[in-house]
Amino acid sequence: MIRGKYQIMSAVLIGLAMSAGPLSAQGVRPNVNTPAGAQMLASYARAIEVMRRLPANDPHSWSFQANLHGFVAGTPNPSPMWGQCQHGNWWFLSWHRTYLHCFEKIIRVHSGDANFALPYWDWSDATSRSLPTAFRATGSPLYDGTRRASVNNGSDALDESVIVSDVNYALSRTAFFSVSLNDAADTFGGVRVTEPSHFHAGSGALELSPHNYVHGWVGGNMGDPDRAARDPLFFLHHANVDRLWDLWLASGDRANPTSEPIWMNQGFTLFDENKRPVTLAARDMLNTRTQLNYVYADRLLQAVRAAAAKRPPQVKFASGQRPKPRVQLVLEPQKPWGDLKKVPMQIALKIDAAEAGPLYQLARKDKVAKGELVLVVEGISFGAGVADSPLELFLNLPANANQPAIKQRYLADRTAFFGHAHNGTARFRLGEAFERVRTQEGFRPEALTFTLARNWYGATPPATPLPVTFKRVTIQVEQ
Ligand code: C2O
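In this text the structure is predicted, and so the values were computed from the model without any measurement.

Engineer: Would you mind going over the overall build of the protein in detail, with residue names and values included?
Structural biologist: Looking only at helices and strands, the protein features 14 helices and 15 strands. When burial is assessed residue by residue, the protein has 46% of its 479 residues classed as buried. Restricting to contacts in the protein with at least 6 residues of sequence separation, those with at least 24 account for 73%.

What follows is the structure, given as structure tokens:
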């Protein structure tokens, strides 16, 4: 079942959006699947062609721009500016906002279109879950042949049961950040750190999934953080992530950590449209309209903002810091997890009689208080090569269930890592799967079986072993 909270909202609030007034064309980032989006793609494609012809050491060249995000080790003449994207910490959103802002201005120069605004790809919208059409044409500058074939030919679509639930889950987080690594997945924006970290281990909910999940689903360059920004699709993917930051903030009772000087003031330096270094910090981008001169042409966002303005404020985590989860049950694994190559891999989580009662209560409380019941695997590490496609968790999967259609029935959730193969956090929703077990199989906590598998997207698993290790597994209700 889909928790389509924001879809419902969009139907109810569309009238409000209409009254928000028209926006001027300049600085309005459009949905890619609109006429305005198509117009922007024409300019974008022109600029890409020009930038691909520039020498590699030119800050405006396509490869230099991609390398600012991440670069493959061993690339000749690395610039100290390269490889600075912020992942797994509370600057994930603001770093990528800076990157897109500078990139957009550079595209204006090389396309000759002074009104260029980056389109966004709204992958959770029911009409947009396949690769946008313009990116599928093999001769186009927007094409990237490294993507998975079924993505590139438009035959594959993002799984609704993952993408919609994950977007709604991320938007429902009230805290921007956590202090502890272990709690990061329960926040919108990630863990607090005191200095920049290219790859930290405290991703927030939005980054974990949908963000990571979409990267892995597209595959190829997009599936690897060192190469992801080579794919022109990257910037539309991140425009949508950036739009969701605005949507989250507009939803009311949510705040950026503006009382945290470290988050506010840490600057990141990139190149502007004149190839001059420009340094921006989070405090310079709290309001995109007044500070960076762009907004999203998104009625839902405007509607949510208008509705929130009319509501009296509720409990507010003014510091943006995450509260403790309500209830927590720590499960000790019976034995180490095995080799992920052997798919599916049964994981034995020992739930003894003493824990069965509390677990049952957790499930009930979840239903009553509308929290999210999740299984959190902390400190998960696995061999390289697993990172770009999702791990799937099944509940009570029969041993002989090999057909995708049968497996789908037992799927609890899936999560993806986008290159973070070490000491990460995997978070799987359990609520719907528990509901299935309760209503159809009888809920006996001590008899639950959890199965973890990698979704290989039909590819052959690599020959090398892919051992999985982790530190702790908990089941908890997140609010
Ligand atoms: Cu820095 Cu989606 O990646």
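Engineer: Any details on the nonpolar core? Residues and values, ideally.
Structural biologist: Leu-236, Leu-244, Leu-247, Leu-375, Phe-394, Ala-412 and Leu-430 are the most contacted members of the largest nonpolar core, which totals 113 residues. Sorting elements by how many residues they give to this core places helix H8 (residues 233-250) first, with eleven residues. When we break this core down by domain, the ones giving at least three residues each are domain 1 (5-310) and domain 2 (327-478). If sequence neighbours within four positions are ignored, Leu-375 has contacts with Leu-393, Phe-428, Leu-430, Val-473 and Ile-475.

Engineer: Which residues make up the packing of helix H7 (residues 205-218) against H8, and what values do they have?
Structural biologist: Close contact between H7 and H8 brings their axes to 11 Å; oriented N to C, the two are set at 160°. Here H7 lies roughly antiparallel to H8, going by the angle between them. Two packed elements cross with a definite hand, and for H7 against H8 that hand is right-handed. Contact residues: H7 offers Leu-206, His-211, Val-214 and Val-218, while H8 offers Leu-233, His-237, Val-241 and Leu-244.

Engineer: Explain the environment of Arg-129 residue by residue, including any values.
Structural biologist: Assignment of secondary structure puts Arg-129 in the loop between helix H4 (92-111) and helix H5 (149-152). On a C-alpha basis, the gap between Arg-129 and Ala-157 in space is 5.1 Å, while along the polypeptide they are 28 residues apart.

Engineer: Which residues make up the pairing of strand E5 (residues 277-281), and what values do they have?
Structural biologist: In this sheet, E5 lies alongside strand E4 (residues 267-271) in antiparallel orientation, the contact comprising five bridges. Bridged to Gly-267 within E5 is Ala-281. Taking the residues that link successive antiparallel strands as the turn, the E4-E5 hairpin has five residues, and the phi of Lys-275 there is positive, at about 65°.

Engineer: Report on the environment of Val-32, specifying residues and quantitative values.
Structural biologist: Among the structural elements, Val-32 can be located in the loop between strand E1 (28-29) and helix H2 (35-53). Using a count of 25 C-beta atoms within 10 Å as the deciding quantity, one classes Val-32 as buried. Each C-alpha atom, one on Val-32 and one on Ser-128, is 9.1 Å from the other, the two residues being 96 residues apart in sequence.

Cut-off values and rules
Residues numbered from 1 in each chain as written. Predicted model: local features only at pLDDT ≥ 70, side-chain atom pairs only at ≥ 80, totals over all residues. Helix = DSSP H or I, 4+ residues; strand = E, 2+ residues; numbered from the N terminus. Buried ≥ 20, exposed ≤ 12 C-beta atoms within 10 Å, placed from the backbone. Contact = placed C-beta atoms within 7 Å. Core = buried A, V, L, I, M, F, W, Y, C linked by C-beta atoms within 7 Å. Domains from an automatic or database assignment. Axes fitted to C-alpha atoms, helices over the stretch in contact; angles between N-to-C directions. Parallel < 35°, antiparallel > 145°, perpendicular 65-115°, else oblique. Left-handed = near helix turned anticlockwise from the far one by under 90°. Pairing = 2+ DSSP bridges.

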